[in-house]
Amino acid sequence: MLKLFNRFSRSSPHTRTLTSTIFEPTPEEKQVMLDQTTNFLNNFHINNPSPIAGSGHAWIGSSAATEEQDVVLEKLSALDLRIHEDPIPLKSVLADVLDPAARLSMDDRHPGYLAFVPSGGLFHSAIADYIASNLNRYVTINQAAPALAQIESECVSFLCSSIANYPPSTSGGVLTTGGSMANMLAIHLSRREALGNKDLPNATLYVSEQSHYCVAQAARFVGLIPKHIKVIPSDPKTLKMDTSYLRSVVQSDIFSSLTPIAICATAGTTNTGAVDDIAACRAIADEFDTWLHVDAAYGGAFAITETGRNVLGDLSVADSLVVDPHKGLFLPYGLGALLVKDQKKLLRANHEDGACMQPTNFFDTHGEAPFVDTMNLSPELTRDFRGLKLWLPLRLIGVQPFRDALEEKLALAAKAAAKIEAAENTGHLKLLHPPQLSVFTFKYDDPSKKGAELDALQLELLNKIHVKGRCLLSLFRSINGADGELCLRMCVLSHRTDEAAVEAAVQDIIASARQMWNNE
C-alpha cells in the first residue's frame, strides 16, 4: 500500500500529486475561477445577450424537420463537447464551448418568455446552489447536519402554511426535483394508504383530461393498470373537471369491485390555468372514502395572494398537494414539493431499514422528536441541499415582494387577454379561454377553415409573432386532440415579465393577426 501511495505522490511536470491541490484549488485559484465565471455570465446576460429563441422557434409549432433545425444541427456539430483526456483552462471552456452552447437555446430568463410555464431563475437561488454545493453537507439525516436539515424542514413548513394552509401540528412533506417526482410520490402514498401492497390490479385513479400527463404517468410507474387510470372529461367552456361525471365513474368502479386510490384534481392546469372545483372533489372523496390529491405545481404559489386564494379556493381540503417553487416562486429549475396534511402517513409509505443505518423508533416517538429525517419521506437518500435555493431568497427578499409580483402577473394576464379580445381589425382573432390565473388561450378562428387547415393558420400566426423577436408563446390542443382544436397560449409568470414585456407581446399578436387578415 505504501508503494502505491508513493507512486501516486511523485511529482510530474504535467500533473499535481495526489496529496497536492489538483482537486482543491488554492484560494487565489478559486477567486480567479469565480471572477472568470462572473465575467462570462455578465457578458452573456447583460453586455451581449442572446436572442430569445437562440435554438429557433419553429420547433414550438412543429417537430418536423425544418431548415431551422438544419441550422441548429450545423452549429451543434461545430461545438467540441467531448470530454478530453487532458485539462482545458476554464476561461477557454467558458468562451469557446459554454458561451456558444448556451446561445443555442431558448432564453427562459427573457421578459418576453411567455411559453410553456416560465422559470424565473432568481440569482439569489444561484448563490444558494453555489453555497450548498461548496458546503456539500448531507441533509437527509438530521444528525449529520442538524441546522441545515432544519432549513429544509422550514421550507416545507412555509409551503404547508402559506400555500396549503395545513395545520402545523401534523403536516409536512418533502422537497423534490419538480412536480413530476412530487406527483409520483403522492400517488405512491395514496396507493399505500388505500391498499398497502395488496390488490394492485383492482386499483383505480381519476384524472381530468386537462391534468398534466405526469400524473397518469406516475400512476403507471406506481403499477396501476393503464385502463384503470380513468380520464374524466372537462367542461368545454371552463375546462374544469366534470365532477358529476367523476362521481358516477367512481361509484360505478366501486360497484365493479375496483378500489379507488385517489382523485387527482388540478389547481391551475398547465394548459389554460383552469382550476378544478376542489371542494366538490373533496365531497366525492369523502363519500367514497378515497384520497384527494391536488396538483398545484403551476397554480399553487398564487395561494399566497388574495386574488389567487379567491380563485383556488380552500386547498387545505386536499390530503396531498404538489407545488413547484421553480415556477410560481421564480426559482431556477429543480425544486418542487410534495405537501401532506398528515406527515406520519408519508413516513409510513417511504421508510425502509438498512444495515448501514442506525435503528429507528420514530413510529413510537413521532410527535415528540423535533424532526423527521428527510431520507424517510421519499426514495432519495444522498441528494443535494436543495432547500437552500428556496430559503435564501425568501430570507434576503422577504415574502411580500413575491406576493406583490404574483398579484402583478395575475393582473398582467387579465389585461393582456382583455386587449386581445377588444382589438379591432384583427380578422378572426378570438380569445378562447380567459385567464383564471395567469394563462389564457386564443386563436385565429377563420370560419371558412376546418380541421388541419385551421390548425395551419395557428402555426402561421405563431410564426409571425415569433419572427418579430420580442416574445415566445406556445401551443395547446384544447380538448380531444382533434384537428382544428389547435390554439395559442400565453403564460405570464416570470418575475422579469413586466408590463412593457406583456404590452410588446400583445402588440405583436395583434399586428400578426392583422397581417393575416390583410394577407401580408
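As a reminder, the structure under discussion sits directly above these lines.
As the structure is a computational prediction, the values presented were derived from the model and not from experiment.

### Quick word on the nonpolar core
The nonpolar side chains of a soluble globular protein tend to be buried, and buried together.
Right, on to step 1. If you look at the biggest cluster of nonpolar residues, it comprises 56 residues, and the most contacted ones within it are Leu-159, Leu-246, Leu-292, Val-294, Leu-321 and Leu-339.
Right, on to step 2. At seven residues, helix α6 (residues 146-164) tops the list of elements feeding residues into this core.
Right, on to step 3. If we ignore the near neighbours within four places in the chain, the residues touching Val-294 are Ala-265, Ala-267, Ile-278, Ala-318, Ser-320, Leu-321 and Val-322.
Right, on to step 4. Counting 37 residues, the second-largest nonpolar core is a separate cluster that includes Ala-115, Leu-431, Leu-473 and Leu-486.

### Quick notes on the sheet that holds strand β7 (residues 336-340)
Right, on to step 1. With mixed pairing, seven strands are arranged side by side in an open sheet as β1-β7-β6-β5-β4-β2-β3. Edge strands, defined here as strands with exactly one partner in the open sheet, are β1 (172-176) and β3 (229-232). Across this sheet, the average inter-strand angle for adjacent strands is 20°, counted without regard to direction.
Right, on to step 2. Relative to strand β6 (residues 320-323), strand β5 (residues 291-295) runs parallel, the two sharing three bridges. Looking at the pairing, Val-294 lines up with Leu-321 of β6.
Right, on to step 3. This element, α6, spans β1, β6 and β7 of the sheet and lies at about 110° to β1.

### Overview of the sheet that holds strand β9 (residues 439-444)
Hydrogen bonds between backbone atoms are what pair the strands of a sheet, whose relative direction is either parallel or antiparallel.
Right, on to step 1. As summarised here, the arrangement of the four strands in space is β8-β9-β11-β10, forming an open sheet in which the pairing is antiparallel. The sheet terminates laterally at β8 (429-433) and β10 (474-477), the two strands that pair on one side only. Neighbour-to-neighbour, the strand axes of the sheet open up by a mean angle of 40°, direction not taken into account.
Right, on to step 2. Pairing analysis gives four bridges linking β8 to β9, with the strands arranged antiparallel. Looking at β9, one finds that Lys-430 is bridged to Lys-443.
Right, on to step 3. Across the sheet, helix α18 (residues 499-517) lies against β8, β9 and β11 (486-491), angled at about 15° from β9, the strand it touches most.

### Here we look at the pattern of salt bridges
Right, on to step 1. All told, the structure shown has 18 salt bridges when counted by the stated rule.
Right, on to step 2. Note that Lys-327 is salt-bridged to Asp-324, the shortest N-O span being 2.4 Å. An identical accessibility class is assigned to Lys-327 and Asp-324; each is buried.
Right, on to step 3. Across the salt bridge formed by Glu-380 and Arg-386, the nearest N and O atoms sit 2.8 Å from each other.
Right, on to step 4. Judged by relative accessible area, which is 25%, Glu-380 ranks as partly exposed.

Conventions used here
- Residues numbered from 1 in each chain as written.
- Predicted model: local features only at pLDDT ≥ 70, side-chain atom pairs only at ≥ 80, totals over all residues.
- Heavy atoms only, no water.
- Core = buried A, V, L, I, M, F, W, Y, C linked by side-chain atoms within 4.5 Å.
- Buried < 20%, exposed > 50% of the residue type's maximum accessible area, 1.4 Å probe, protein only.
- Helix = DSSP H or I, 4+ residues; strand = E, 2+ residues; numbered from the N terminus.
- Contact = heavy atoms within 4.5 Å.
- Pairing = 2+ DSSP bridges.
- Axes fitted to C-alpha atoms, helices over the stretch in contact; angles between N-to-C directions.
- Salt bridge = Lys/Arg side-chain N within 4 Å of Asp/Glu carboxyl O.

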